[in-house]
Amino acid sequence: MFFVIMVIVFIIICIKNACEPTLPASYHNNWKLEAEDSQKVREGKMTQREFIRNMNNGKYR
């Protein structure tokens, strides 16, 4: 029974990871601005959520 539950959990995790959207390579063109914002996250001046939102919105194109 435990094996069946683990297989079902594994399948759900695989489906979840396969459905995550990927960012196009063009979203990383402005690597200097991206590095600056990444440093702000490390220093606590920007949240990780804001950084990911900027990345998804294409701020670093």
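Residues numbered from 1 in each chain as written. Predicted model: local features only at pLDDT ≥ 70, side-chain atom pairs only at ≥ 80, totals over all residues. Heavy atoms only, no water.

Chemist: Would you take a moment to explain the packing of aromatic side chains for this structure?
Modeler: What characterises a pair of aromatic rings is the spacing of the ring centres plus the angle enclosed by the ring planes. One pass over the structure, following the stated rule, counts one aromatic pair. Look at Phe 51 and Tyr 60: their rings are 5.8 Å apart centre to centre, the planes differ by 45 degrees, and that puts the pair in the tilted class. In this structure Tyr 60 comes out as buried when scored by relative accessible area, which is 0%. (Phe/Tyr/Trp six-rings, centres within 6.5 Å; stacked < 30°, edge-to-face > 60°. Buried < 20%, exposed > 50% of the residue type's maximum accessible area, 1.4 Å probe, protein only.)

Chemist: Help me understand the nonpolar core in this model?
Modeler: Generally speaking, nonpolar side chains in soluble globular proteins are found buried as a group. Membership of the largest hydrophobic core is limited to five residues, which are Val 41, Met 46, Phe 51, Met 55 and Tyr 60. Excluding residues within four positions of it along the chain, Val 41 makes contact with Met 46, Thr 47, Gln 48 and Phe 51. (Core = buried A, V, L, I, M, F, W, Y, C linked by side-chain atoms within 4.5 Å. Contact = heavy atoms within 4.5 Å.)

Chemist: Is there a simple way to explain the packing of helix α2 (residues 31-43) against helix α3 (residues 48-57) in this structure?
Modeler: If you want to describe how two helices pack, look at the angle between their axes and the distance between the axes. Close contact between α2 and α3 brings their axes to 9 Å; oriented N to C, the two are set at 160 degrees. With respect to their mutual orientation, α2 and α3 come out roughly antiparallel. The chirality of how α2 crosses α3 is left-handed. Each of Glu 34, Asp 37, Ser 38 and Val 41 in α2 lies in contact with α3, whose residues at this interface are Gln 48, Phe 51, Asn 54 and Met 55. Across the contact of α2 with α3, the residue classes break down as three nonpolar, three polar and two charged. (Axes fitted to C-alpha atoms, helices over the stretch in contact; angles between N-to-C directions. Helix = DSSP H or I, 4+ residues; strand = E, 2+ residues; numbered from the N terminus. Parallel < 35°, antiparallel > 145°, perpendicular 65-115°, else oblique. Left-handed = near helix turned anticlockwise from the far one by under 90°. Nonpolar A, V, L, I, M, F, W, Y, C, P; charged D, E, K, R; others polar.)

Chemist: Help me understand the pattern of salt bridges in this model?
Modeler: A side chain of one charge can pair with a side chain of the opposite charge if their charged atoms are brought near each other. By the definition in use, this model includes three salt bridges. With a closest N to O distance of 3.8 Å, Lys 40 and Asp 37 form a salt bridge. Within this pair, Lys 40 and its partner Asp 37 are both found in helix α2, separated by three residues, close to a single helical turn. In this structure Lys 40 comes out as partly exposed when scored by relative accessible area, which is 36%. Judged by relative accessible area, Asp 37 falls into the buried class, the value being 1%. Between Lys 45 and Glu 43 there is a salt bridge, with its nearest N and O atoms 3.2 Å apart. (Salt bridge = Lys/Arg side-chain N within 4 Å of Asp/Glu carboxyl O.)

Just geometry here; none of it tells us what the structure is for.
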